[in-house]
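Chain residues, written in single-letter form:
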Amino acid sequence: AQSVAQPEDQVNVAEGNPLTVKCTYSVSGNPYLFWYVQYPNRGLQFLLKYITGDNLVKGSYGFEAEFNKSQTSFHLKKPSALVSDSALYFCAVRPPGRAGNMLTFGGGTRLMVKP
Amino acid sequence: GAVVSQHPSWVICKSGTSVKIECRSLDFQATTMFWYRQFPKQSLMLMATSNEGSKATYEQGVEKDKFLINHASLTLSTLTVTSAHPEDSSFYICSARDRESEPIWRERGYEQYFGPGTRLTVT
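Residues numbered from 1 in each chain as written. Chains lettered and ligands numbered in written order. Predicted model: local features only at pLDDT ≥ 70, side-chain atom pairs only at ≥ 80, totals over all residues. Heavy atoms only, no water.

*Asks:* Can you explain the state of the cysteines? Please cite residues and give values.
*Replies:* Counting across every chain of the model gives 2 disulfides over all chains. Between the sulfur atoms of Cys-23 of chain A and its disulfide partner Cys-91 of chain A the distance amounts to 2.0 Å. Taking the sign of the S-S torsion, -60° for the link of Cys-23 of chain A and Cys-91 of chain A, the bridge is left-handed. With a gap of 68 residues between them, Cys-23 of chain A in the loop between β3 (19–21) and β4 (24–26) and Cys-91 of chain A in strand β10 (residues 87–94) connect regions that are remote in the sequence. For Cys-23 of chain A, a relative accessible area of 0% gives the class buried. Each disulfide pairs two cysteine sulfurs, and for Cys-23 of chain B the partner residue is Cys-94 of chain B, the sulfurs being separated by 2.0 Å. Here Cys-23 of chain B and Cys-94 of chain B share a disulfide; its torsion about the S-S bond, 80°, makes the bridge right-handed. Here Cys-23 of chain B, found in strand β3 (residues 19–25), pairs with Cys-94 of chain B, found in strand β9 (residues 90–98); they are 71 residues apart in sequence, far enough to count as distant. The buried category is assigned to Cys-23 of chain B, whose relative accessible area is 0%. (Disulfide = S-S within 2.5 Å. Helix = DSSP H or I, 4+ residues; strand = E, 2+ residues; numbered from the N terminus. Buried < 20%, exposed > 50% of the residue type's maximum accessible area, 1.4 Å probe, protein only.)

*Asks:* Explain the pattern of salt bridges to me, using residue names and the numbers behind them.
*Replies:* Within the structure shown, the criterion is met by 5 salt bridges over all chains. A salt bridge links Glu-64 of chain A to Lys-58 of chain A, with the shortest nitrogen-to-oxygen separation between them at 2.8 Å. According to the relative accessible area criterion, Glu-64 of chain A is buried, its value standing at 19%. Taking the relative accessible area as the measure of exposure, Lys-58 of chain A reaches 62% and is therefore exposed. The salt bridge involving Lys-66 of chain B is made with Asp-88 of chain B; its shortest N-O contact spans 2.9 Å. Here Asp-88 of chain B lies in the loop between β8 (76–81) and β9 and Lys-66 of chain B lies in the loop between β6 (57–58) and β7 (67–73), a separation of 22 residues in the sequence. We note that Lys-66 of chain B, like Asp-88 of chain B, is buried. (Salt bridge = Lys/Arg side-chain N within 4 Å of Asp/Glu carboxyl O.)

*Asks:* Can you lay out the layout of surface pockets for me, pointing to particular residues and giving the numbers?
*Replies:* In this structure, the largest pocket occupies an estimated 370 Å³ of space. As for the largest pocket, its lining consists of 18 residues, of which Leu-44, Met-45, Leu-46, Met-47 and Glu-59 of chain B are closest to the centre. Within the residue set of the lining of the largest pocket, elements represented by two or more residues are β11 (104–105) of chain A together with β4 (30–38) and β5 (44–51) of chain B. In terms of residues, the lining of the largest pocket owes the most to one element, β5 of chain B, which gives 4 residues. Taken together, the residues of the lining of the largest pocket sort by class into 11 nonpolar, 4 polar and 3 charged. (1 Å grid on protein atoms, 1.4 Å probe; cavity = no way out; pocket = protein on both sides within 12 Å on 5 of 7 lines; lining within 4 Å. Points joined across faces, edges and corners; volume = space filled by probe spheres on them. Nonpolar A, V, L, I, M, F, W, Y, C, P; charged D, E, K, R; others polar.)

*Asks:* I'd like to hear about unusual backbone geometry, residue by residue, with values.
*Replies:* What you tend to see is this: most non-glycine residues have negative phi, and most peptide bonds are trans. Residues His-7 of chain B and Pro-8 of chain B are joined by a peptide bond in cis, for which omega reads 0°. In this fold, Pro-8 of chain B is placed in the loop between β1 (4–7) and β2 (10–13). Positive phi, close to 60°, is recorded for Tyr-61 of chain A, a residue that is not glycine. Tracing the backbone through its elements, the reader meets Tyr-61 of chain A in the loop between β7 (56–58) and β8 (64–68). On the accessibility criterion, Tyr-61 of chain A (51% relative accessible area) is exposed. In this structure, Ser-83 of chain B takes a positive phi of about 45° despite not being glycine.

*Asks:* Can you break down the pairing of strand β6 (residues 44–50) of chain A residue by residue, with the values?
*Replies:* Sheet topology places strand β5 (residues 32–38) of chain A next to β6 of chain A; 6 bridges connect them, and they run antiparallel. Opposite Trp-35 of chain A, over in β6 of chain A, you have Leu-48 of chain A as the bridge partner. (Pairing = 2+ DSSP bridges.)

Now the structure itself:
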């Protein structure tokens, strides 16, 4: 069975500094990996995904993530954080192939960007 | 494109009553929709997978008689919480997958599009 770990419950960053939100996964085969952001009382908004190809994936709002197969990681990064980036971030994994339809989510990481 | 709506966005009901939550794909057809629930400060937990024209598949531990799912059309799935109790209070989120051919599904990683969520409070 697949699993996703987000080791940090909260990440604090000063505005303008780079940010990293960590994600590691466990799944058989080559996974599909996703990052979503959730603002208070809102559903999930898609940020980016890794399917295949370049390990560095660029997404919405200036975010990017790097797929590292050897470390089974998919950390979310942004060069310069904004206060408006403060939200809850979820990493999710889906196993390859048609058999597994469902996404498995990590526990979420709250990002706090302070001015 | 790929917009999913949920109605209502929030609802308060009395214990023992039933509540219906709608999930609609607005600009695409969805043969598959997913229902999640999220407790405060926790992650999303998949409750069930809803397939148009067939019975939903429930995850282990989810009572199918309590959480009734109907996927009557390619753009609408409903979740009915029957005989609601305070412990059913939660944030319910649906997602939908575009009805496309298999190669496109694979190319997109079987991406799901999420609704804005429905906050249910049972008093």
